[in-house]
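# Results of the structural survey
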Amino acid sequence: AVQRLNEEIKASSHAAVVERVAYTWFNRLCALRFMDVNHYNAVGVVSPAPGFTQPEVLQEAKQGHIDDDLPIDRSRVAALLEGRLPARDPQQEAYRLLLVATCNRLHGAMPFLFEPIADYTELLMPDDLLSDASILHAVRAALTPDVCQDEEVIGWLYQFYIAEKKEAVDEKVKAGGKVEADELPAKTSLYTPDWIVRFLVEN
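Quick look at the structure, then. These numbers were taken from a predicted model, which means no experiment stands behind them. Each residue is numbered by its place in its chain's sequence as written, counting from 1. Confidence filtering applies because this is a predicted model: local features only for residues at pLDDT of at least 70, side-chain atom pairs given and counted only at 80 or more, and all residues used for totals across whole chains, interfaces and linings. Side-chain measures were taken over the full set of non-hydrogen atoms in the model, leaving aside hydrogen atoms and water.

## Considering the packing of helix 1 (residues 2–11) against helix 2 (residues 14–37)
Axes, fitted as lines to C-alpha atoms, cover a helix only where it is in contact. Angles between the N-to-C directions of the axes lie from 0 to 180 degrees. Numbering of helices and strands runs from the N terminus; a helix is a DSSP stretch of H or I covering at least four residues, while a strand is a stretch of E covering at least two. The N-to-C vectors of helix 1 and helix 2 enclose an angle of 115 degrees; their axes lie 7 Å apart at closest approach. Where helix 1 crosses over helix 2, the handedness of that crossing is right-handed. On helix 2, the residues that touch Leu5, Glu8 and Ile9 of helix 1 are His14, Val17 and Arg20. Residue classes follow a fixed rule: Ala, Val, Leu, Ile, Met, Phe, Trp, Tyr, Cys and Pro count as nonpolar, while Asp, Glu, Lys and Arg count as charged, and any other residue, Gly among them, counts as polar. Each residue belonging to the contact of helix 1 with helix 2 can be placed in one class, and the counts come to three nonpolar, one polar and two charged. Should the near helix be turned anticlockwise from the far one by less than a right angle, the crossing is left-handed, and should it be turned clockwise, the crossing is right-handed. Here a residue-residue contact requires only that any non-hydrogen atoms of the pair lie within 4.5 Å.

## Some details on the pattern of salt bridges
Should their charged atoms come close, side chains of opposite charge can pair. What counts as a salt bridge is simple: a side-chain nitrogen of Lys or Arg found within 4 Å of a carboxyl oxygen of Asp or Glu. Tallied over the full model, the rule gives nine salt bridges. Of the charged contacts, one joins Arg105 and Asp69 as a salt bridge, the two residues approaching to 2.9 Å between their closest N and O atoms. Of this pair, Arg105 sits in helix 5 (residues 90–106) while Asp69 sits in the loop between helix 3 (56–62) and helix 4 (74–81), and the two are 36 residues apart along the sequence. According to the relative accessible area criterion, Arg105 is partly exposed, its value standing at 26%. Each residue's exposure class comes from its accessible area (1.4 Å probe, protein chains only) as a fraction of the maximum for that residue type: buried when under 20%, exposed when over 50%, partly exposed otherwise. Asp69 sits in the exposed class, given a relative accessible area of 52%. Residue Arg84 is joined to Glu82 by a salt bridge in which the shortest nitrogen-to-oxygen separation is 2.7 Å. We classify Arg84 as exposed; its relative accessible area is 53%. Residue classification places Glu82 among the exposed residues on the basis of a relative accessible area of 55%. Via salt bridges that share partners, Arg4, Glu8 and Arg20 belong to a single interconnected network.

## Things to note about the environment of Leu32
In this structure, Leu32 sits in helix 2. Residue classification places Leu32 among the buried residues on the basis of a relative accessible area of 0%. On a C-alpha basis, the gap between Leu32 and Val139 in space is 9.9 Å, while along the polypeptide they are 107 residues apart.

## So, unusual backbone geometry
Its identity is not glycine, yet His39 carries a phi of approximately 60 degrees, on the positive side. Mapped onto the fold, His39 is located in the loop between helix 2 and helix 3. On the basis of relative accessibility, which here comes to 69%, the residue His39 falls in the exposed class.

## A look at the environment of Tyr120
Assignment of secondary structure puts Tyr120 in helix 6 (residues 119–123). The exposure class assigned to Tyr120 is buried, which follows from its relative accessible area of 7%. In this structure, the C-alpha to C-alpha distance between Tyr120 and Val169, residues 49 residues apart in sequence, is 29 Å.

## Things to note about the nonpolar core
Only buried Ala, Val, Leu, Ile, Met, Phe, Trp, Tyr and Cys residues count toward a nonpolar core, and they belong to the same one when joined by side-chain atoms within 4.5 Å. By size, the foremost hydrophobic cluster in this structure holds 44 residues, and its most contacted members are Trp25, Leu32, Val46, Tyr95, Leu98, Leu99 and Phe114. Those elements that provide at least two residues to this core are helix 2, helix 3, helix 4, helix 5, helix 7 (135–142) and helix 8 (152–174). Examining the composition of this core, we find that eleven residues originate from one element, helix 2, more than from any other. Residues in contact with Tyr95, not counting those within four places in the same chain, are Val45, Val46, Pro55, Val57, Leu58, Leu129, Leu130 and Leu136.

The following block contains the structure:
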């Protein structure tokens, strides 16, 4: 994984790889939260069951329940959770395996959103996903059940995510600078709200 990561950095740059992987995980965690809230997932992948604080998929794994169609090494997960496999944070490691396996399973249904996770992408997954200070906790706090009633929230999250970079590119253009290839998405890939889409289609 480290060798592949170094190859990716050499092929583009450290900053480009960090940005790409950070967005990949941000996008996936938000999508999984939306799916959890709307019961598209059999169990909560990033969301806890009522009365719990950890993701439901981890709680289920602690009870020995893992979906049959999840492409995962069940014996490794069990060994981590039972303390038979050395790990700095066994629950964290087990959850990482469950999260990656879920994303890889969803690739079959939604390849446009859940590309197979490369080994180096998994290596760069956020370390702390289970504490109150984690990005997972922030995603759950922002994407409340009420907010998740509107699928447009995913588009607005994307718009928010690229807003700072878009502003920087706009300033560069105003100053007479040229938009580089890696800056093009921030300048041109904007979220189109539903009412504009409907107007274009109907007219």
